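# Geometric and topological summary
Here is how the chains run, residue by residue.
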2 protein chains.
Amino acid sequence: MKNPEARRPTIREVAKLARVGLMTVSRVTNNHPSVRPSTRKKVEAAIAQLGYQQNEAARLLKGQRAKMIGLIVPDLSDIFFASCAHTVQQIARAHGYMTLVVSSERDADLEVQQAELMSSRKVSGLLIVTSTLPGDDRLHHLQGTGLAIVAFDRPLPGLNTDCILVENRAGAEEAVQHLIQHGHRRIACVGYDEKTYTIHERIQGYSAQMNASGLKTQITLELLTLDGVRQWLIEMMASKSRPTAIFSLNHRTSVFLLKALAEQKVRIPEDMALIGFDDFDLADVVTPPLTTVAQSPVELARRAMGLLLERIQNQQKGASGASPAKILLPTRLMIRGSCGPHKRLEP
Amino acid sequence: MKNPEARRPTIREVAKLARVGLMTVSRVTNNHPSVRPSTRKKVEAAIAQLGYQQNEAARLLKGQRAKMIGLIVPDLSDIFFASCAHTVQQIARAHGYMTLVVSSERDADLEVQQAELMSSRKVSGLLIVTSTLPGDDRLHHLQGTGLAIVAFDRPLPGLNTDCILVENRAGAEEAVQHLIQHGHRRIACVGYDEKTYTIHERIQGYSAQMNASGLKTQITLELLTLDGVRQWLIEMMASKSRPTAIFSLNHRTSVFLLKALAEQKVRIPEDMALIGFDDFDLADVVTPPLTTVAQSPVELARRAMGLLLERIQNQQKGASGASPAKILLPTRLMIRGSCGPHKRLEP
DNA sequence: CTGAAAGCGCTAACAC
DNA sequence: GTGTTAGCGCTTTCAG
């Protein structure tokens, strides 16, 4: 059992054991090409024998970047972002990086502050699900300083970085279309956070599809508490142009709707159809099983990490960045029972 | 807009501006007592003027610990641990620490490896929800090296660290008691992962309560897939000593039971009562609302971080560790509808 | 109470 | 190809 706190061997000891100079060892550990294969072998043997590992701190002090990547998400206790974090950390680990995780609490100031902190800690790359709003380009100066940045789920305003997004608009359109095919004409769109890129896109999709079908949009935002949803529902049910279907923009709102509809004894889908953006584990356990628009946090994170690692490698090679990639991931309509009769699909 | 990548001022520049020696600046930044107040003022002014911040790398190289804490959980994509991580990271940030997060994938080897990695990265403290099994004391050598370690949710085998646990046993007893009060006599206990401390404790609680009431235990483990649960349920319903109530040890199993019961058209609670360990968001949205034993990940993480920060401060002061604290957090029975008629409680 | 010197482990730049 | 030198920015000694 080796004690990781015991003074670890230094490059100097390796050099002595291998009977070479310090620099040769350094070159070997850094994969420098100009080392004779026979020499390299000797050094590698010494490294193995001593169990030598580079000292991060010393490398940092010499201006290198840390074998760390930083991840900033709006809310780590949200299962969606937690899944992203899980995947990111898993891939990072496989590539020898540790992961610094921060939840920005949906606060742009905090996000910027933490991003700068990470940058000053010399992380190799930054993965951000931004909470900054369009026009806020405070993250701009982090670019082009050898720090790789990849945005995912939402684009970074004013920043020309790689980004991985989900087809929120198309997903919303598909959802509305599904409702229309089931004969619905008065379809309400509810949720909150309309300033967020993803929600904004979903609203656009809803509106576009409604307009294309010659239907009147009916959008209510700021529905982010159970009370709010309940109250809205009661009003709706009493109104004479009451919708026959609801398209919910947020997971939270979907859940509250489920509760409120049950409370008010509104039957789904007979009295009211419901479709929610964002799939979740229990969607097919609630009654009736909820039809949703699913997106994959794992795939999102996987692609984002892929791009980030690529960037990091390029920067190490000194290659000036290729033009930023923009990747769009599809959504998937999970048809269950909440929009009317349909054969049930296994997840 | 200051550029965090621009060469930052060093201690030398601060010293020059304040017209003192390097050491005086160092003493000020490290809160050393032996600095005359007037001198301290001067230095502080210079620090503020230059926006000086200590260079982590240099401090690390001199053997100090990083302003980082490490967190290892079994599965970051599990909402329970994600909530823990969220809270930990939040408190860490408030105290000037960054958080290194790793998911051990329930793999003891990986956990040990990552813990050592973090230790070698000189984190100030380690927070672990262990996946090691009793008898595995590979983490032992990390102790007493100036690294503060706090275990939570599960104790660290063979390690004499602070730890924060949940009253799993009492929670299970309460659940079983609840079922008994509703007239149930044949109560099955199902789940998986019985080697894990928490599950083990819950099984103990179940058994103790059943025995105390003169009832026969009926335990089935390894029920960690929907298929498995479904099959088990079918067998159970056909058996002549079929249980009238189920105590589910794991969240996953509870969800699968909900699905399987619905599939088999078994009515809850009329045909079968159900109570699950671990509360969740949608517990009162499923039909019928599920009665659960709730534990608070936020409180768990809060207490763990509290203890960890305390340890870290003590170690900085050189105080040899106080004897490890053991804290037990209570569970809370969330009575909803799945065990029989009862007035419904709001969460 | 304050300062000067030494060096943590590494790598960039230059010699050979 | 390979070795030598000179710091990176800080804190620990040890003088004053």
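Residues numbered from 1 in each chain as written. Chains lettered and ligands numbered in written order. Predicted model: local features only at pLDDT ≥ 70, side-chain atom pairs only at ≥ 80, totals over all residues. Heavy atoms only, no water.

A separate point is the domain arrangement of chain A. Accessible area lost during the coming together of the parts is what is often quoted as the interface size. In terms of domain boundaries, chain A breaks down into domain 1 (4–54), domain 2 (66–160 + 297–329) and domain 3 (168–295). Inter-centroid distance (C-alpha atoms) of domain 1 of chain A to domain 3 of chain A is 62 Å. (Domains from an automatic or database assignment.)

Attention now moves to the environment of A:L133. All names here are of chain A. Note that L133 resides in the loop between strand 3 (123–128) and strand 4 (148–152). Residue L133 is classed as partly exposed on the basis of its relative accessible area, which comes to 40%. Sequence separation between L133 and Y197 is 64 residues; the distance between their C-alpha atoms is 8.3 Å. Not counting residues up to four positions away in its chain, the partners in contact with L133 are P157 and K195. (Helix = DSSP H or I, 4+ residues; strand = E, 2+ residues; numbered from the N terminus. Buried < 20%, exposed > 50% of the residue type's maximum accessible area, 1.4 Å probe, protein only. Contact = heavy atoms within 4.5 Å.)

Moving on: the pattern of salt bridges. Oppositely charged side chains are able to pair whenever their charged atoms sit close together. Under the counting rule described, the total for this entry stands at 30 salt bridges over all chains. Where A:R121 meets B:E56, a salt bridge forms, and the shortest distance between an N and an O atom there is 3.7 Å. Of the two residues, A:R121 sits in the loop between helix 6 (108–120) and strand 3 while B:E56 sits in helix 4 (residues 56–61), which places them in two different chains. One salt bridge connects B:R303 with B:E299, and the closest N-O pair in it is separated by 3.4 Å. (Salt bridge = Lys/Arg side-chain N within 4 Å of Asp/Glu carboxyl O.)

All names here are of chain B. Following both chains from N to C, one finds helix 5 (residues 79–94) and helix 11 (residues 297–316) inclined at 40°, their axes separated by 8 Å at the closest point. Taken together, helix 5 and helix 11 sit at an angle that is classed as oblique. Seen along the crossing, helix 5 lies across helix 11 with a hand that is right-handed. Judged by residue contacts, F80, S83, C84, T87, V88, I91 and A92 of helix 5 engage P297, V298, L300, A301, R302, M305 and L309 from helix 11. Grouping the amino acids of the contact of helix 5 with helix 11 by side-chain chemistry returns eleven nonpolar, two polar and one charged. (Axes fitted to C-alpha atoms, helices over the stretch in contact; angles between N-to-C directions. Parallel < 35°, antiparallel > 145°, perpendicular 65-115°, else oblique. Left-handed = near helix turned anticlockwise from the far one by under 90°. Nonpolar A, V, L, I, M, F, W, Y, C, P; charged D, E, K, R; others polar.)

Residue and element names in this part refer to chain A. If you walk across this open sheet you meet the six strands as 7-6-8-9-10-12, and the pairing is mixed. A strand with exactly one partner marks an edge of an open sheet, and here the two such strands are strand 7 (219–220) and strand 12 (332–334). Alignment of strand 9 (residues 273–277) against strand 10 (residues 291–294), held across three bridges, turns out to be parallel. From the neighbouring strand, I275 faces strand 10, where its bridge partner is T291. Sitting on the sheet, helix 8 (residues 197–212) touches strand 6 (187–190), strand 7, strand 8 (245–248) and strand 9, and the angle it makes with strand 6 is about 165°. Contacts from helix 10 (residues 251–263) reach strand 6, strand 8 and strand 9, with the element oriented near 155° to strand 9. (Pairing = 2+ DSSP bridges.)

Bringing the sheet that holds strand 9 (residues 273–277) of chain B into the picture now. All names here are of chain B. Overall, mixed pairing links the six strands, which are arranged 7-6-8-9-10-12 in an open sheet. Taken across any chain shown, the strands that pair with only one partner, and hence form the sheet edges, are strand 7 (219–220) and strand 12 (332–334). Contacts between helix 8 (residues 197–212) and the sheet are confined to strand 6 (187–190), strand 7, strand 8 (245–248) and strand 9, with strand 6 contributing the most and set at about 165° to the helix.

This paragraph deals with the pairing of strand 1 (residues 68–73) of chain B. All names here are of chain B. Counting buried residues along strand 1, six of its six residues qualify, which places the element largely inside the surrounding structure. Side chains M68, G70 and I72 project from strand 1 onto one buried face, and the interleaved I69, L71 and V73 project onto a second face that is buried too. Two strands pair when backbone bridges link them, and strand 1 and strand 2 (residues 98–103) are joined in this way by six bridges, in the parallel orientation. In the sheet register, I72 faces strand 2, and the bridge partner there is V102. Handedness of the crossover is the feature at issue here: the chain leaves strand 1, passes through helix 5, returns alongside strand 2, and the resulting connection is right-handed. Alignment of strand 1 against strand 3 (residues 125–128), held across four bridges, turns out to be parallel. Note that in strand 3 the partner of I72 across the bridge is I128. (Right-handed = clockwise from strand over helix to strand, strands pointing away.)

Our focus in this paragraph is the interface of chain A and chain B. Taken together, the contact pairs 55 residues of chain A with 55 residues of chain B. Our count for the contact surface shared by chain A and chain B stands at six salt bridges. A salt bridge links A:E105 to B:R93; its shortest N-O distance comes to 3.5 Å. At the junction of chain A with chain B, the criterion picks out 19 residue pairs in polar contact (both at pLDDT 80 or more). Elements with a minimum of two residues in the side of chain A that touches chain B: helix 4 (56–61), strand 1 (66–73), helix 5 (79–94), strand 2 (98–103), helix 6 and helix 10 of chain A. (Polar contact = N/O pair within 3.5 Å; in protein donor to acceptor, adjacent residues only side chain to side chain.)

Let us look at the protein's contact with DNA strand D. Taken together, 25 residues lie near DNA strand D, and A:M23, A:T24, B:I11, B:M23 and B:Y52 sit nearest. Backbone atoms, meaning sugar and phosphate, form 57% of the atoms of DNA strand D found within 4 Å of the protein. Between DNA strand D and the protein, one listed contact pairs a base oxygen with a side-chain N or O atom of A:R27 at 2.7 Å. Contact distances for DNA strand D include 2.5 Å between a phosphate oxygen and a side-chain N or O atom of B:Y52. (Near = heavy atom within 4 Å.)

Moving on, we get to helix 8 of chain B. Residues spaced three or four apart along an α-helix point in a common direction, a consequence of the helix completing one turn every 3.6 residues. Residues and elements named next belong to chain B. Given a rise of 1.5 Å per residue, 16 residues ought to cover 22 Å, and the 22 Å separating the end C-alpha atoms of helix 8 matches this to within 8%. Taken together, the buried positions of helix 8 are T198, I199, E201, R202, I203, G205, Y206, S207, Q209 and M210. Residues of helix 8 that are buried make contact with helix 7 (168–181), strand 6, strand 7, strand 8 and strand 9. (Expected span 1.5 Å × (residues − 1).)

So, about the environment of A:M23. Residues and elements named next belong to chain A. As for its position among the elements, M23 is in helix 2 (residues 22–29). Judged by its relative accessible area of 45%, M23 falls in the partly exposed class. Spatially, the C-alpha atom of M23 lies 60 Å from that of G276, the residues being 253 residues apart in sequence.

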